[in-house]
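Remarks on the overall topology
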Amino acid sequence: QAQLAESGGGLVQAGGSLKLSCAASARTLRFAVVGWFRQAPGKEREFVGAIRWVDGNIKYEDSVKGRFTISRDGATNTVYLQMNSLKPEDTAVYYCASGLQSAISPVSTRAYSYWGQGTQVTVSS
């Protein structure tokens, strides 16, 4: 059973930064795509970015390009989401998820089988 655990959320002022972590088991990541999603109150869960573990290929949602950076640490089996220049509209619960590589686009929640519990990010104006 895959286990994912996010951490690093919090309250930050607009323009500030936060770094989220997603810790997973090595077995979970071996053939995986790890995605970051977020969900604001009353809205659907939306794609933020994803990394393919085997080669580090990364995809970002347009609104976060240039502000958010996904990285990985093979030694600790951790995926990070560095968020800079945060805006109030970035406020949401952020989730990491993993799934086997498949024909399903990593933008879709259907590409992922396992989800973390989420971590709250609040950006004040």
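One can find the structure itself at the top, above this paragraph.
The rules behind the values
- Residues numbered from 1 in each chain as written.
- Predicted model: local features only at pLDDT ≥ 70, side-chain atom pairs only at ≥ 80, totals over all residues.
- Heavy atoms only, no water.
- Helix = DSSP H or I, 4+ residues; strand = E, 2+ residues; numbered from the N terminus.
- Rg over C-alpha atoms; globule rule 2.2 N^0.38 Å.
- Buried < 20%, exposed > 50% of the residue type's maximum accessible area, 1.4 Å probe, protein only.
- Contact = heavy atoms within 4.5 Å.
- Areas by Shrake-Rupley, 256 points an atom, 1.4 Å probe, with all protein chains shown as cover.
- Lys, Arg positive; Asp, Glu negative; His and termini not counted.
- Charge placed at Lys NZ, Arg CZ, Asp CG, Glu CD.
- Pairing = 2+ DSSP bridges.
- Axes fitted to C-alpha atoms, helices over the stretch in contact; angles between N-to-C directions.

This paragraph deals with the overall build of the protein. Helix and strand counts for the protein come out as 1 helix and 11 strands. Here the C-alpha atoms of the protein give a radius of gyration of 13 Å, agreeing with the 14 Å that 2.2 N^0.38 yields for 125 residues. Across its three principal directions, the C-alpha atoms of the protein cover 40 × 30 × 25 Å. Burial status across the protein gives 42% buried among its 125 residues. Looking at the protein alone, contacts between residues at least 24 apart form 57% of all its contacts between residues at least 6 apart. Counting every atom, the protein has about 6500 Å² of accessible surface; 48% of that belongs to carbon and sulfur. If you average the places of the 13 positive and of the 9 negative side-chain charges in the protein, the two averages end up 5 Å apart.

Look at Asn77: it is not a glycine, yet its phi comes out positive at around 55°. By the element assignment, Asn77 lies in the loop between β7 (68-73) and β8 (78-83). The backbone of Ser85 sits at a positive phi, close to 50°, despite the residue not being glycine. Inspection of the secondary structure puts Ser85 in the loop between β8 and β9 (92-100).

Below, the discussion takes up the sheet that holds strand β1 (residues 4-7). Strand order in the open sheet formed by 4 strands is β1-β3-β8-β7, with antiparallel pairing between adjacent strands. For this open sheet the edge positions go to β1 and β7, each flanked by a neighbour on one side alone. On average, each strand axis in the sheet is tilted by 15° relative to the strand beside it, whichever way the strands run. Bridge analysis of β1 against strand β3 (residues 18-24) gives 4 bridges, and the strand direction is antiparallel.

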